[in-house]
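Report on the structure
Residue strings, one per chain:
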Amino acid sequence: LCFSVMISFVPVDAIQHPYMKSLFSRFLQKKPDGPSAQQMRLSLARFRHLLRLYGRLVSLCADAEDKQSGLYILDKAYILSVSDRAFGIAKGMVYDLSALTGQQYGGLYDLVEVFERKQSELFLQSGSALSTAGNEEEYEYRLLRETREIFCSGGNSAVSWSVKPAIPDLLGVAQSIQRDACHFFAGLVQAMSSANEHPNSTLPVRTSFVDLMIGLSGSSRLPLRADSNPTDSVPTGEFLKGFLAPAIWDHACPDSTDPQAPSLVTVELEESMLAIAFHRHGYDLFDVQLSCAPEANYFYCRFSRRPEPSLKEEILKRLGFFVRRGDDEITGWIDSQPLVEIAAKLKTVSKMSAVFLQPSSAGSEQPESGIDHFLRTYT
Amino acid sequence: MKPLKVLILDDEPIVGRHLRPALCRYGFDVETFENPDQAIARINETEFDVVVTDIRMKGMDGLRVLEMVMAKSMRTKVIFITGYASREIEREALSKGAFGFIAKPFKPAELHMAINQAAKALGHPGIHSPRNEEL
């Protein structure tokens, strides 16, 4: 079983989010010695499960939007099944986050149930009681539209509920959950890596290696290069080919002692990989499953909002991701695609992360020309 | 050649309401039902080329409809449409003699394609263009 972690050093101030700081400090108070390998394995499994659920919810909402176009024959049974799946996923995410953080999020069940009650009331209403967008809209399409408002479009029916304005719908709740989970997991990695600092001599990316199967003490230095994959993992190999592409880093000053220098963590398990790139704006996170079975494959990515949020969002959309933009992040999701397609996107998206880590990327480029320039240069 | 006779059975009115005009455009002779008993009565009166039926309905499930259609005429092709699609249900339906299986939601063009395949199996050329696009 290949289950290893390459850990890099994280700038102390890399993650500025106050919530994460509070989680991190709580975590450190409880576990002054940092997480054990066993804790890390369990947390990793729970965290990756939560991300998969989030991706499924994003896909489900996008699918419901597509089905609302009027081009499909649908019925109430379909809307019921979408609703059941969405609330099941949301509850699963609350469970995962609570398990990951030591039951700190149990109260979120109540919030999900608020939306669920609203949805149940909607199903009990007759056609005439539903709001109408136009005289021609049929009952089932109206029901689907209002269901989607509860799920993902922040419509009036959901906003009128006494929930936090920042969480106007079910997908908003899910987005907050995945954000907090990402912050927590990034904090866990920080805690684990704090005793294993190994500057990289060849690139301005600091790295080290820990094998979870033998415990956290087995760290060693890895001179990472794009052409020297230190693992047999296919997704890690593809990720490193993109992230460490010479064309991106050749002009960078290899000063890994700089506390602002970016750093990279990759966690791999057979056909999957999770990577976190810490940098001066926060962190980017990637979770990938690459297998010969397309239906099992997926790719989740999370970028810090700065720099260039519009450019990041548009590039991900152009690559075919379902994209959600939050206050401090941009997330993308694709699934059920052949290995070669996800591998190609993994390489492109990891290049994107590395490109935006360069100091020269701080300037503001027009999104349209920026997308074309990026795709022309890096794909 | 006689138009293909198609019966559509779904207890949710929206299905027949949308499918009837969509399939009539192709020149199919379409009858729609929301009540399984009324549909079975009509099937016993006349021979349809294709029966399109939901699986989960109030009163009678689609698999029972399939049995009754086959008891009346082995020639009639049955296509299932369902919002509760699963590999198990699809396998069961096909093993009992269903011609096709389409998961809801679907585009009318998908059903049109399945009906044309059924037509081909019956030795009918099928209809590949809407009426107003012919000539």
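Residues numbered from 1 in each chain as written. Chains lettered and ligands numbered in written order. Predicted model: local features only at pLDDT ≥ 70, side-chain atom pairs only at ≥ 80, totals over all residues. Heavy atoms only, no water.

Moving on, we come to the overall build of chain B. When you go through chain B residue by residue, the secondary structure sums to five helices and five strands. In sequence order, the secondary structure elements of chain B are arranged as β-α-β-α-β-α-β-α-β-α. Computed over the C-alpha atoms, the radius of gyration of chain B is 14 Å, within 12% of the 14 Å expected from 2.2 N^0.38 for a compact globule of 135 residues. With respect to the principal axes defined by its C-alpha atoms, chain B has extents near 45 × 30 × 25 Å. Counting only residues that meet the buried cut, chain B has 52% of its 135 residues in that class. Counting contacts in chain B only where the partners sit at least 6 residues apart, residues at least 24 apart contribute 64% of the total. Averaging the positions of the 19 positive and the 19 negative side-chain charges in chain B gives two centres separated by 3 Å. (Helix = DSSP H or I, 4+ residues; strand = E, 2+ residues; numbered from the N terminus. Rg over C-alpha atoms; globule rule 2.2 N^0.38 Å. Buried < 20%, exposed > 50% of the residue type's maximum accessible area, 1.4 Å probe, protein only. Contact = heavy atoms within 4.5 Å. Lys, Arg positive; Asp, Glu negative; His and termini not counted. Charge placed at Lys NZ, Arg CZ, Asp CG, Glu CD.)

This next bit is on the confidence of the model for chain B. Summary statistics for chain B give a mean pLDDT of 87 and a share of 93% for residues scoring 70 or more. What the predictor reports for the complex is a pTM of 0.73 with an ipTM of 0.83. (pLDDT = per-residue confidence, 0-100.)

Frequently, the measure chosen for interface size is the accessible area that the parts lose on association. Contacts between the two partners involve twelve residues from chain A, matched on the other side by twelve residues from chain B. Summed over both sides, the interface of chain A with chain B buries roughly 1300 Å², with 61% coming from carbon and sulfur. At the surface where chain A touches chain B, the tally comes to one salt bridge. In this structure, K104 of chain B and D75 of chain A form a salt bridge, with 2.4 Å as the shortest nitrogen-oxygen distance. Mapped onto the side of chain A that touches chain B, the elements with two or more residues apiece are helix 3 (76–100) and helix 5 (139–153) of chain A. In terms of residue count, helix 3 of chain A provides more of the side of chain A that touches chain B than any other element does, three residues in total. By residue class, the composition of the side of chain A that touches chain B is seven nonpolar, no polar and five charged. (Buried area = accessible area lost by both parts, 1.4 Å probe. Salt bridge = Lys/Arg side-chain N within 4 Å of Asp/Glu carboxyl O. Nonpolar A, V, L, I, M, F, W, Y, C, P; charged D, E, K, R; others polar.)

Residue and element names in this part refer to chain A. According to the stated counting rule, one finds ten aromatic pairs over all chains in the structure shown. Pairing F239 with F243 gives two aromatic rings, centres 5.5 Å apart and planes at 15°, and the pair type is stacked. Placement of both F239 and F243 in helix 8 (residues 234–243) is noted, with a separation of four residues, approximately one turn of the helix. With centroids separated by 5.2 Å and ring planes inclined at 15°, the aromatic side chains of Y298 and W333 adopt a geometry described as stacked. Placement of Y298 in strand 6 (residues 298–304) and of W333 in strand 8 (residues 329–335) is noted, with a sequence separation of 35 residues between them. For the pair formed by Y298 and W333, the shared burial category is buried. (Phe/Tyr/Trp six-rings, centres within 6.5 Å; stacked < 30°, edge-to-face > 60°.)

Let's shift gears to unusual backbone geometry. Cis geometry is found at the peptide bond from R306 of chain A to P307 of chain A, where omega equals -10°. For P307 of chain A, the location among the structural elements is in the loop between strand 6 and helix 10 (309–318). The omega torsion across K104 of chain B and P105 of chain B is -5°, close enough to zero to call that bond cis. Position of P105 of chain B among the secondary structure elements: in the loop between strand 5 (100–103) and helix 5 (108–121). We note that Q103 of chain A has phi near 60°; this positive angle belongs to a residue other than glycine. The residue Q103 of chain A is located in the loop between helix 3 and helix 4 (108–124) in this model. Taking relative accessible area as the criterion, Q103 of chain A reaches 60% and is therefore assigned exposed. Of note in the backbone geometry, S336 of chain A takes a positive phi value of approximately 55° without being a glycine. As for its placement among the helices and strands, S336 of chain A is situated in the loop between strand 8 and helix 11 (339–355).

Turning our eyes to something else, we now look at helix 10 of chain A. For helix 10 of chain A, the set of buried residues is L311, K312, E313, I315 and L316 of chain A. Just past helix 10 of chain A, the residue G320 of chain A takes up positive phi, approximately 95°.

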